[in-house]
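Listed here are the chains, written in short residue letters.
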Amino acid sequence: MKIDIITIFPKMFTGPFRESIVARAQKKSLVEINIHNLRDWTKDKHKSVDDQPFGGGPGMIMRVDIVDRAVTDISKQFKKKIILLTPQGKPFTQKKAQQLSKLEQIILICGHYEGVDERIRTQIVDEEISIGDYVLSGGELAAMVVTDTVVRLIPGVLGQKDSLKEESFSPATGGLEYPQYTRPAEYKKLLVPKILLSGNHQQIKTWRQKQSLKRTKDKRPDLLATI
Ligand SMILES: C[S@@+](CC[C@H](N)C(=O)[O-])C[C@H]1O[C@@H](n2cnc3c(N)ncnc32)[C@H](O)[C@@H]1O
């Protein structure tokens, strides 16, 4: 899979993509992540990518012609999606991440400043994604969130396939994952539930299912409608 990110702040991605699971996935060639500087597609000597809004108002708007040139150059794969990160997009979910992880290429466009020319939204992109009901300074952090979530779903990226099976929002649970414990079995008089030390796998499974449901009811009752 190829993930292409179009940004005016390419250096922001250096740290997060050189660590942990995303870094390992790239090393194993399970994903190719390319960070593109939008300014490479400008034609003026100042390499400007934005301009003032028609009709007046604060801030600068990212230009459609430059984004169009970038996307056209980068679009290579047949099964691809061009995605704009925007607070006005559909909320990003695990289900969406699963769909995206099955594609050959995703192109993520990061807006900045006041936002992007409306024609980018209507003519260039296939989808708009928001990572939450709040406004970031730019789409870069959102692109990192989408990339990280998608990459760990690509087959072979996580060491143990089972880690994906029962985690929160997975198709198996729909809700939240059960509570987890590790050593020590007793800490400041707090004991690990006995059942987890019993070695009885069937009973542990049932206990976990019940805990998962209880947790979802307590913390995220809205998810129960989706189970
Ligand atoms: C300051 S925001 C622009 C907000 C825009 N003026 C509005 O009110 O909808 C600049 C850029 O940050 C990104 N962004 C901000 N919040 C986001 C969110 N919740 N999810 C995804 N991208 C976001 C988008 O790429 C956006 O173009």
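See above for the structure.
So, how was this worked out
Residues numbered from 1 in each chain as written. Predicted model: local features only at pLDDT ≥ 70, side-chain atom pairs only at ≥ 80, totals over all residues. Heavy atoms only, no water. Pairing = 2+ DSSP bridges. Helix = DSSP H or I, 4+ residues; strand = E, 2+ residues; numbered from the N terminus. Axes fitted to C-alpha atoms, helices over the stretch in contact; angles between N-to-C directions. Contact = heavy atoms within 4.5 Å. Salt bridge = Lys/Arg side-chain N within 4 Å of Asp/Glu carboxyl O. Buried < 20%, exposed > 50% of the residue type's maximum accessible area, 1.4 Å probe, protein only. Arc of directions from axis to C-beta.

Quick notes on the sheet that holds strand S2 (residues 32-37)
Taken together, five strands build an open sheet; the order of strands is S2-S1-S6-S5-S8 and the sheet is parallel. At either end of the open sheet lies a strand with only one pairing partner, and these are S2 and strand S8 (127-130). Strand-to-strand twist of the sheet, defined as the mean angle between neighbouring strand axes without regard to direction, takes the value 30°. Each of strand S1 (2-7), S2, strand S5 (80-91) and strand S6 (105-110) touches helix H3 (residues 64-74); the most contacted strand, S6, lies at about 165° to it.

Some remarks on the sheet that holds strand S4 (residues 61-62)
Spatially, S3-S4-S7 is the arrangement adopted by the three strands of the open sheet, whose pairing is mixed. For this open sheet the edge positions go to strand S3 (50-51) and strand S7 (115-116), each flanked by a neighbour on one side alone. Looking at chain direction, S3 and S4 are connected through two bridges and run antiparallel. Looking at the pairing, Asp-51 lines up with Ile-61 of S4.

Concerning the pattern of salt bridges
For the structure shown, the criterion picks out 11 salt bridges. Measuring nitrogen to oxygen at the nearest pair gives 2.6 Å for the salt bridge that ties Arg-63 to Asp-65. In this structure, the salt-bridge partner of Glu-167 is Arg-152, at a minimum N-O distance of 2.8 Å. Here Glu-167 is found in the loop between helix H7 (162-165) and strand S9 (186-187), whereas its partner Arg-152 is found in the loop between helix H6 (140-151) and H7, with 15 residues between them in sequence. In this structure Glu-167 comes out as buried when scored by relative accessible area, which is 14%. Among the ionic contacts, a cluster of salt bridges with common partners joins Lys-2, Asp-4 and Glu-32.

Let's talk about helix H2 (residues 20-27)
Restricting attention to buried positions, one finds in H2 the residues Val-22, Ala-23 and Ala-25. Down the axis of H2, the buried set is contained in an arc of 160°. They therefore lie on one face. In H2, those exposed residues whose orientation departs by more than 90 degrees from the buried face are Ser-20 and Lys-27. At the exit of H2 stands Ser-29, carrying a positive phi of roughly 60°.

Scope: geometric values only; no functional claims are made or implied.
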